[in-house]
Amino acid sequence: MTPLTYSTLVQDGIQRAGGRRMPSGDPLVSSPLTSTLIMGDATATTGSAPATCCGASPPLRPGRRVPDLGLVVAGDAVYNNVHLYLSEGANGGFAAWLRALDTVEGLRPVAVVAGHQDRSRPDTPDPIAQTRAYLNDVESLLARHPTPTAFCQEMLVRHPDRLNPSPLWYGAQTLLG
């Protein structure tokens, strides 16, 4: 039997159509997307511990768990050093997202492939807690009812190293505009 391995491919974000821009004047760009290829003997994933769906509820894309690798392909639940897509978080979406993170974390994965990630970052479980901290910051700021610009600026201060602020900006416009 060929042992299981996995490989990821990160597709950079692309500029969105139209003339809309960030407050800084930069173009809006979509979030980088990650594809994961699980390789090896098919019986390795269909034996006693099959790949299973985990950690998401609408609007999040569900992830996959591969117990033999200690791997969770986290779909939209986990972001690895990329600003989160927030537009669908209102009306209980953020609470569902936090529950999804609890589910993924409860699997005690060795490796977590985020659905949106900075290709320079490793596939460790650390982004689970980082995504949770980001969402907690979002909820605390939203409770203050800031303008979209003030919200975006404060999130950039709190999370200055995350890639691609475009989803942050259009999320702020959707949630607060």
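Residues numbered from 1 in each chain as written. Predicted model: local features only at pLDDT ≥ 70, side-chain atom pairs only at ≥ 80, totals over all residues. Heavy atoms only, no water.

Draft legend 1. Focus on the overall build of the protein chain. Within the protein chain, the regular secondary structure consists of five helices and eight strands. Along its sequence from the N terminus, the protein chain presents helices and strands in the succession β-β-α-β-β-β-β-α-β-β-α-α-α. Each of the 177 residues in the protein chain was classed as buried or not, and the buried ones make up 43%. Contacts in the protein chain between residues far apart in sequence, at least 24 positions, make up 67% of those at least 6 positions apart. On the protein chain, roughly 8900 Å² of surface is accessible, and the fraction owed to carbon and sulfur atoms is 53%. (Helix = DSSP H or I, 4+ residues; strand = E, 2+ residues; numbered from the N terminus. Buried < 20%, exposed > 50% of the residue type's maximum accessible area, 1.4 Å probe, protein only. Contact = heavy atoms within 4.5 Å. Areas by Shrake-Rupley, 256 points an atom, 1.4 Å probe, with all protein chains shown as cover.)

Draft legend 2. Here's a closer look at the nonpolar core. Of all hydrophobic cores here, the largest spans 28 residues; its most connected members are V78, L86, L135, V138 and F151. Not counting residues up to four positions away in its chain, the partners in contact with L86 are F94, Y134, L135, V138, F151, P167, L168, G171 and L175. If you look at the next biggest cluster of nonpolar residues, it comprises five residues, including V66, L71, A111 and V113. (Core = buried A, V, L, I, M, F, W, Y, C linked by side-chain atoms within 4.5 Å.)

Draft legend 3. Broad picture of the packing of helix α4 (residues 148–158) against helix α5 (residues 166–176). Here α4 crosses α5 at 140°, and the two axes come no closer than 9 Å. By the angle between their axes, α4 is oblique relative to α5. Judged by the sense of rotation from one axis to the other, the crossing of α4 with α5 is right-handed. In this structure, α4 uses P148, T149, F151, C152, M155 and L156 to contact α5, whose residues at the interface are L168, W169, A172, Q173 and L176. (Axes fitted to C-alpha atoms, helices over the stretch in contact; angles between N-to-C directions. Parallel < 35°, antiparallel > 145°, perpendicular 65-115°, else oblique. Left-handed = near helix turned anticlockwise from the far one by under 90°.)

Draft legend 4. Quick look at helix α2 (residues 93–106). Across its 14 residues, α2 extends 20 Å between first and last C-alpha, which sits within 8% of the 20 Å expected from 1.5 Å per residue. Buried within α2 are the following residues: G93, F94, A96, W97, L98, A100, L101 and V104. Those residues of α2 that are buried are in contact with β5 (71–73), β6 (79–80), α3 (126–142) and α5. Positioned one or two residues after α2, R108 has a phi angle of 50°, which is positive. (Expected span 1.5 Å × (residues − 1).)

Draft legend 5. Seen up close, the pattern of salt bridges. This model, assessed by the stated rule, comprises four salt bridges. Put simply, D102 and R132 hold a salt bridge, and the shortest N to O gap is 3.0 Å. Of this pair, D102 sits in helix α2 while R132 sits in helix α3, and the two are 30 residues apart along the sequence. By relative accessible area, D102 is classed as partly exposed at 43%. (Salt bridge = Lys/Arg side-chain N within 4 Å of Asp/Glu carboxyl O.)

Draft legend 6. Looking closely at the pairing of strand β4 (residues 63–66). Examined bridge by bridge, β4 and β5 share three bridges and lie antiparallel to one another. In the sheet register, R65 faces β5, and the bridge partner there is V72. (Pairing = 2+ DSSP bridges.)

Draft legend 7. Spotlight on the environment of P146. Note that P146 resides in the loop between α3 and α4. A residue is classified by how much of its surface remains accessible, and P146, at 19% relative accessible area, is buried. A C-alpha to C-alpha distance of 9.8 Å links P146 and G177, two positions 31 residues apart in sequence.

Draft legend 8. Summary view of the environment of Q117. For Q117, the location among the structural elements is in strand β8 (residues 116–117). As for Q117 and Y79, which are separated by 38 residues in sequence, their C-alpha atoms are 5.8 Å apart.

Draft legend 9. Looking closely at the confidence of the model for the protein chain. Mean pLDDT over the protein chain: 78, with 66% of residues reaching 70 or higher. By mean pLDDT, helix α1 (residues 43–46) is the weakest element of the protein chain at 43, and α3 is the strongest at 97. (pLDDT = per-residue confidence, 0-100.)

Draft legend 10. Summary view of the packing of aromatic side chains. Scanning the entire structure with this criterion turns up two aromatic pairs. Taking the centre distance of 5.8 Å and the plane angle of 50° together, the rings of Y79 and W97 count as tilted. Within this pair, whereas Y79 is found in strand β6, its partner W97 is found in helix α2, the two being separated by 18 residues in sequence. Overall, the relative accessible area of 3% leaves Y79 in the buried class. Judged by relative accessible area, which is 4%, W97 ranks as buried. (Phe/Tyr/Trp six-rings, centres within 6.5 Å; stacked < 30°, edge-to-face > 60°.)

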